[in-house]
Amino acid sequence: MPGVLPAGEPVPADGSLPASARASVGARGFGVYVHVPFCASRCGYCDFNTYTADELGGGASRAGYADTVLAELALAARVLKDAPPPRVRTVFVGGGTPTLLPTDDLARILDAIDRTWGLAADAEVTTEANPESVTPTSLKELRAAGYTRISLGMQSAAPGVLAVLDRRHSAGRATAAALEARDAGFDHVNLDLIYGTPRERAEDFAASLDQVVAAGVDHVSAYALIVEDGTRLAARMRRGELPYPDEDVAADRYLAAEATLGAAGFSWYEVSNWARTPQARCRHNLLYWTGGDWWGLGPGAHSHVGGVRWWNVKHPASYAQRLAAGESPGQAREVLTGDEAHMEDVMLRLRLAGGLPLDVLTDAGRAGAARALAAGLLAEPAHAAGRAVLTLRGRLLADAVVRDLLP
């Protein structure tokens with residue numbers, strides 16, 4: 001969750017939503033996101049809404065955090081009382097490092113979501129974790145509490161790359177944690193990679209991919225490093241201590257990921273995500289990418305219900321104070337226009353392996369799709385069947401294709 005929030009109109013103190021939003025809640029599925037903003041240390045590349053103990057200051061702590069989240073959940077239940085959503089299909093606990101909370105707290109939050117709206121029988125329940133923040137015992141406790149999927153921040157298997165990123169875990173800890181999660185009974189295990197870090201060699205990334213495959217996980221996410229203003233990494237680059245990322249190198253790394261993961265039985269289903277089977281795909285992220293609804297709990301968390309999107313105040317202390325006063329922690333919101341919803345739909349669905357129907361595009365957008373097809377960025381068989389689907393080259397230039405489809 002990026003640390004910079006957009007502007008918008010005020011959220012009512014009681015968190016109420018327009019009748020039109022409540023009437024259509026869950027039409028494309030309903031999920032819950034829980035943001036846990038605590039980290040043991042701040043990674044040099046991170047600009048997410050997270051806090052170390054030193055950064056928190058007074059008025060916020062891990063100890064009371066679960067109760068504060070449950071207070072927002074109670075507010076959400078009141079807002080949707082007359083228009084309850086369908087059963088919750090997905091829960092995603094992200095951060096930060098959610099597994100810095102006691103497993104009992106993570107279990108209480110999940111149980112409260114179930115009691116509030118009900119979990120679907122086959123609900124996907126994910127938590128993120130840093131490799132050093134879990135143990136075989138804590139993983140078994142999480143699985144027993146109902147968590148079905150875990151996403152571990154590996155980033156790299158190369159010690160030098162981990163040092164540049166200010167990661168705390170050792171080079172082999174992520175894959176060891178993945179094996180422990182499998183032993184604990186998790187249905188699905190994901191490893192996150194970052195590529196294109198300064199000083200990363202091709203053989204470093206190749207070794208990372210090999211370790212991922214050897215770990216036996218069924219899902220991999222791989223993202224090019226983005227240098228965010230205000231981070232330590234950005235400051236080091238401005239001082240000339242590190243070179244800026246190279247786009248050509250990043251493209252080479254992406255092609256290496258596709259080749260290695262494809263050979264190991266993974267298939268891409270979103271530009272930056274690969275899964276061994278359709279069942280291993282992250283259904284919570286698919287909810288985002290296909291226009292579903294979700295309620296985001298926690299400081300800085302974003303929500304989307306029935307075409308209304310809002311985001312909470314960022315600091316955990318302000319978040320707790322609002323809820324203690326009986327008020328919504330929402331900082332601002334926006335009601336998406338038809339054009340805005342269409343633009344986001346095209347931007348997100350084009351990144352999926354299934355693409356999007358050409359008939360949702362304007363005439364100008366379909367002309368842009370024809371140009372992208374001629375340039376080898378869209379797949380010809382899919383285009384002939386009425387869909388815009390990215391080729392491998394198109395995945396490397398996905399943003400450019402989006403601009404063609406949204407003239």
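Preceding this paragraph is the structure being described.
All figures in this text were calculated on a predicted structure; none of them were measured in a lab.

Novice: What's the story with the packing of aromatic side chains in this structure? I'm lost.
Specialist: A ring pair, where both rings are aromatic, is described by two values, the distance of the centres and the angle of the planes. Within the structure shown, the criterion is met by nine aromatic pairs. With a centroid separation of 5.2 Å and an interplanar angle of 85°, the aromatic rings of Phe 30 and Trp 117 are classed as edge-to-face. Highlighted residues: Phe 30 in strand 1 (residues 30-36) and Trp 117 in helix 4 (residues 103-117), separated in sequence by 87 residues. Here Phe 30 and Trp 117 have matching classes, each one buried. Pairing Trp 295 with Trp 310 gives two aromatic rings, centres 4.8 Å apart and planes at 75°, and the pair type is edge-to-face. With a gap of 15 residues between them, Trp 295 in strand 9 (residues 293-297) and Trp 310 in strand 11 (residues 308-312) connect regions that are remote in the sequence.

Novice: Whenever I open this one, the pattern of salt bridges confuses me. Can you help?
Specialist: Pairs can form between side chains of opposite charge once their charged atoms are near each other. As enumerated under the stated definition, the model contains 20 salt bridges in all. Here Arg 115 makes a salt bridge to Asp 111, at a shortest N to O gap of 2.8 Å. Residue Arg 115 and its partner Asp 111 are both found in helix 4; the two are separated by four residues, about one turn of the helix. Taking the relative accessible area as the measure of exposure, Arg 115 reaches 61% and is therefore exposed. Where Arg 309 meets Glu 344, a salt bridge forms, and the shortest distance between an N and an O atom there is 2.7 Å. With Arg 309 in strand 11 and Glu 344 in helix 13 (residues 338-349), this pair connects stretches of sequence that are 35 residues apart. What makes Arg 309 buried here is its relative accessible area of 16%. Put simply, Asp 67, Asp 105 and Arg 108 are held in one network by salt bridges that share partners.

Novice: Please clarify how the pairing of strand 6 (residues 219-224) should be interpreted in this entry.
Specialist: When a strand is regular, its side chains alternate between the sheet's two faces. Strand direction decides the pairing type here: strand 5 (residues 188-195) and strand 6, joined by six bridges, are parallel. When the sheet's bridge partners are listed, Leu 193 is paired in strand 6 with Ala 222. At this point the chain moves from strand 5, through helix 8 (residues 202-214), to the parallel strand 6, and the crossover so formed is right-handed. Note that strand 6 and strand 8 (residues 273-275) share three bridges and pair antiparallel. By the bridge assignment for strand 8, Ser 221 is matched with Asn 273.

Novice: Please explain empty space enclosed by the protein as it appears in this structure.
Specialist: Where empty space is left becomes clear once a probe the size of a water molecule has been rolled over the atoms. Applying the stated criterion to the full structure yields one cavity of 30 Å³ or more. Its volume calculated, the largest cavity comes out at about 50 Å³.

Novice: Help me out: how do you make sense of the environment of Ala 400 in this one?
Specialist: Among the secondary structure elements, Ala 400 is positioned in helix 17 (residues 398-405). Of the residues examined, Ala 400 reaches a relative accessible area of 27% and is grouped as partly exposed. Between the alpha carbons of Ala 400 and Glu 340 there is a distance of 18 Å; along the sequence they are 60 residues apart.

Novice: Would you mind showing me how to read the packing of helix 3 (residues 65-79) against helix 4 here?
Specialist: Two measures define how a pair of helices packs: the angle their axes make with one another and the distance between the axes. For the pair helix 3 and helix 4, the least separation of the axes is 10 Å and the interaxial angle reads 10°. As the angle between them shows, helix 3 and helix 4 are arranged roughly parallel. Contacts between helix 3 and helix 4 involve Ala 66, Asp 67, Val 69, Leu 70, Leu 73, Ala 76 and Ala 77 from the former and Asp 105, Arg 108, Ile 109, Ala 112, Ile 113, Thr 116 and Trp 117 from the latter. Among the residues making up the contact of helix 3 with helix 4, the classes are represented as ten nonpolar, one polar and three charged.

Novice: Looking at this structure, how should I read the packing of helix 8 against helix 10 (residues 247-263)?
Specialist: Across the interface, helix 8 lies against helix 10 with an axial gap of 10 Å and an inter-helix angle of 30°. One way to sum up the angle between helix 8 and helix 10 is to call them roughly parallel. For the pair helix 8 and helix 10, the sense of crossing is right-handed. In this structure, helix 8 uses Ala 202, Phe 205, Leu 209, Asp 210 and Val 213 to contact helix 10, whose residues at the interface are Arg 253, Ala 256, Ala 257, Thr 260 and Leu 261. Classifying every residue of the contact of helix 8 with helix 10 gives seven nonpolar, one polar and two charged.

Quick notes on the rules
- Residues numbered from 1 in each chain as written.
- Predicted model: local features only at pLDDT ≥ 70, side-chain atom pairs only at ≥ 80, totals over all residues.
- Heavy atoms only, no water.
- Phe/Tyr/Trp six-rings, centres within 6.5 Å; stacked < 30°, edge-to-face > 60°.
- Helix = DSSP H or I, 4+ residues; strand = E, 2+ residues; numbered from the N terminus.
- Buried < 20%, exposed > 50% of the residue type's maximum accessible area, 1.4 Å probe, protein only.
- Salt bridge = Lys/Arg side-chain N within 4 Å of Asp/Glu carboxyl O.
- Pairing = 2+ DSSP bridges.
- Right-handed = clockwise from strand over helix to strand, strands pointing away.
- 1 Å grid on protein atoms, 1.4 Å probe; cavity = no way out; pocket = protein on both sides within 12 Å on 5 of 7 lines; lining within 4 Å.
- Points joined across faces, edges and corners; volume = space filled by probe spheres on them.
- Axes fitted to C-alpha atoms, helices over the stretch in contact; angles between N-to-C directions.
- Parallel < 35°, antiparallel > 145°, perpendicular 65-115°, else oblique.
- Contact = heavy atoms within 4.5 Å.
- Nonpolar A, V, L, I, M, F, W, Y, C, P; charged D, E, K, R; others polar.
- Left-handed = near helix turned anticlockwise from the far one by under 90°.

Purely geometric stuff here, so don't read any function into it on its own.
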